[in-house]
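Chain residues, written in single-letter form:
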Amino acid sequence: MGKIPKGSSRLSYDGRELRAGAGSGRCFMVDARCLRGTAVQSAYAHVCALPDDAAVLEFDHPEVQQVRRDALAWWIGLLGDALICLTTLALDEARYGGAITVTREPAPWSEDPFARIFPGTVVRSDLFCEVAPPAGPVIERRAGVAWPGGRF
Amino acid sequence: MTLEPGQAFPDLDLPDHTGRPRLLAELAGGDPVVLLFSRGWWCPKEQRHLREITELQNEFEVAYTRIVVVSIDASEVQAAFRAGLGARFVFLSDPERRWLQRLDLLEETDTLHRPYRPTAFTLHPDLTIHAVYDGYWYWGRPTMEDLRRDMRAISRAVRDDFEC
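Residues numbered from 1 in each chain as written. Chains lettered and ligands numbered in written order. Predicted model: local features only at pLDDT ≥ 70, side-chain atom pairs only at ≥ 80, totals over all residues. Heavy atoms only, no water.

## Some details on the overall build of chain B
- Along chain B, the regular secondary structure elements total 5 helices and 7 strands.
- For chain B, the N- to C-terminal ordering of α and β elements is β-β-α-β-α-β-α-β-α-β-β-α.
- Along the first, second and third principal axes, the C-alpha set of chain B runs to 50 × 35 × 30 Å.
- The buried share of chain B, taken over its 164 residues, is 54%.
- Of the accessible surface of chain B, which amounts to about 7500 Å², a share of 52% is contributed by carbon and sulfur atoms.
- In chain B, the 20 positive side-chain charges and the 27 negative ones have mean positions that sit 3 Å from each other. (Helix = DSSP H or I, 4+ residues; strand = E, 2+ residues; numbered from the N terminus. Buried < 20%, exposed > 50% of the residue type's maximum accessible area, 1.4 Å probe, protein only. Areas by Shrake-Rupley, 256 points an atom, 1.4 Å probe, with all protein chains shown as cover. Lys, Arg positive; Asp, Glu negative; His and termini not counted. Charge placed at Lys NZ, Arg CZ, Asp CG, Glu CD.)

As structure tokens, this is what we get:
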């Protein structure tokens, strides 16, 4: 992964731990706002991604569109004040590698729409900052930035 | 307060349908906006119009444009109404009628609910008003074609690469 679009940050995941930047494990691009600012300590990150490089779909795949719709329709509301931030995990400008939903407390992870694509793992993390949830209804990405990040 | 094309719409600060504090400029996020002041969930005209808007969201979701609805309904009522519609856009809640007075949008003929007068604005990303629609009479509301036309005009004005 070379130069990344403005509005993106790198995050790596080895199946057990998350690290900011391109560390050990698989490297993704996330909405940079999630890692910029004062991080919430001991947050719960539901990582719906796999460390296996074969776990990939295109962002334009219908189900990858649908899980973003579901996030806007009910997942964000279901989490309420517990939500810290959420971001999809981009591999490049076109490919989807998963998503992370971050909360202050355990959440009904079995309902996580992103887990329909790649199974979720709960990881405790000190990396993530509070970001206002996406307003919707836009599900498209902006110049390759991981949804819901970026702006024109 | 003057709410006419070319004027700046105020940056509303209201809780959304989940109770989270929001600013209108933040919701715009750099995109054109359709801002709808709605009587409330009980009104058949609002139900009809918002069903149309909910259909239109399928175009907005791929067109970098936003929809925001404001009403006097409590957040939890809006959340239920929104879910029933299948909407994926934000509702802002003003049960205290804090902005209703400042915007001078009180519907004076409904003394039971004292709701917003149904009014629609199309806004540039910086909240400059493009067009205003007085929806007191149902046919005064913007049709979906009106909204498409306005979103096209605003997008053409603000997207440098709209016409390559």
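## Some details on empty space enclosed by the protein
- Evaluation of the coordinates by the stated rule reveals 3 cavities of 30 Å³ or more.
- Empty space within the largest cavity amounts to approximately 90 Å³.
- If you go around the largest cavity, you meet 14 residues; those closest to its centre are Ile76 and Pro134 of chain A together with His17, Arg22 and Arg82 of chain B.
- Top element by residues in the lining of the largest cavity is helix 1 (residues 62–79) of chain A. It accounts for 3 residues. (1 Å grid on protein atoms, 1.4 Å probe; cavity = no way out; pocket = protein on both sides within 12 Å on 5 of 7 lines; lining within 4 Å. Points joined across faces, edges and corners; volume = space filled by probe spheres on them.)

## With respect to the side chain of Arg141 of chain B
- Mapped onto the secondary structure, Arg141 of chain B falls in the loop between strand 7 (129–134) and helix 5 (144–158).
- A polar atom in the side chain of Arg141 of chain B sits 3.4 Å from the backbone oxygen of Gly135 of chain B. (Polar contact = N/O pair within 3.5 Å; in protein donor to acceptor, adjacent residues only side chain to side chain.)

## Here's the deal with the interface of chain B and chain A
- On the chain A side, the residues contacting the 22 residues of chain B number 21 residues.
- Both faces combined, the contact of chain B with chain A buries some 1900 Å², and carbon together with sulfur accounts for 51% of it.
- Broken down residue by residue, the surface that chain B buries against chain A is led by Arg20, Glu61 and Tyr64 of chain B, which jointly contribute 37%.
- Counting across the interface, chain B meets chain A through 3 salt bridges.
- Arg20 of chain B serves as the salt-bridge partner of Glu130 of chain A, at 3.7 Å between the closest nitrogen and oxygen.
- For the pair chain B and chain A, the interface holds 9 residue pairs in polar contact (both at pLDDT 80 or more).
- For the side of chain B that touches chain A, the secondary structure elements donating two or more residues are helix 1 (24–28), helix 2 (44–60) and strand 4 (66–71) of chain B. (Contact = heavy atoms within 4.5 Å. Buried area = accessible area lost by both parts, 1.4 Å probe. Salt bridge = Lys/Arg side-chain N within 4 Å of Asp/Glu carboxyl O.)

## Comments concerning the pattern of salt bridges
Residues and elements named next belong to chain B.
- Summed over all chains, the structure comprises 27 salt bridges over all chains.
- Close ionic contact of Asp13 with Arg98 constitutes a salt bridge, the shortest N to O distance being 3.3 Å. Taken as a pair, Asp13 in strand 1 (residues 13–15) and Arg98 in helix 4 (residues 98–103) lie far apart in primary sequence, 85 residues in all.
- Residue Asp13 is classed as partly exposed on the basis of its relative accessible area of 32%.
- Given the relative accessible area of 33%, Arg98 is considered partly exposed.
- Here Asp134 ties to Arg117 by a salt bridge, and the two come within 3.0 Å at their closest N and O atoms.

## As for the sheet that holds strand 7 of chain B
Residue and element names in this part refer to chain B.
- Spatially, 5-4-3-6-7 is the arrangement adopted by the 5 strands of the open sheet, whose pairing is mixed. Edge positions in the open sheet fall to strand 5 (90–93) and strand 7, since each of these has one partner strand only. Mean inter-strand twist for the sheet, computed between neighbouring axes without regard to direction, equals 20°.
- Here strand 4 pairs with strand 5 via 4 bridges, running parallel. Within the sheet, the bridge partner assigned to Ser71 lies in strand 5 and is Ser93.
- Strands strand 4 and strand 5 of the sheet are contacted by helix 3 (residues 75–85), whose axis makes an angle of about 155° with strand 5. (Pairing = 2+ DSSP bridges. Axes fitted to C-alpha atoms, helices over the stretch in contact; angles between N-to-C directions.)

## What to know about the confidence of the model for chain B
- Model confidence for chain B is summarised by a mean pLDDT of 96, while 100% of its residues fall at 70 or above.
- Reported confidence for the predicted complex is 0.91 by ipTM and 0.94 by pTM. (pLDDT = per-residue confidence, 0-100.)

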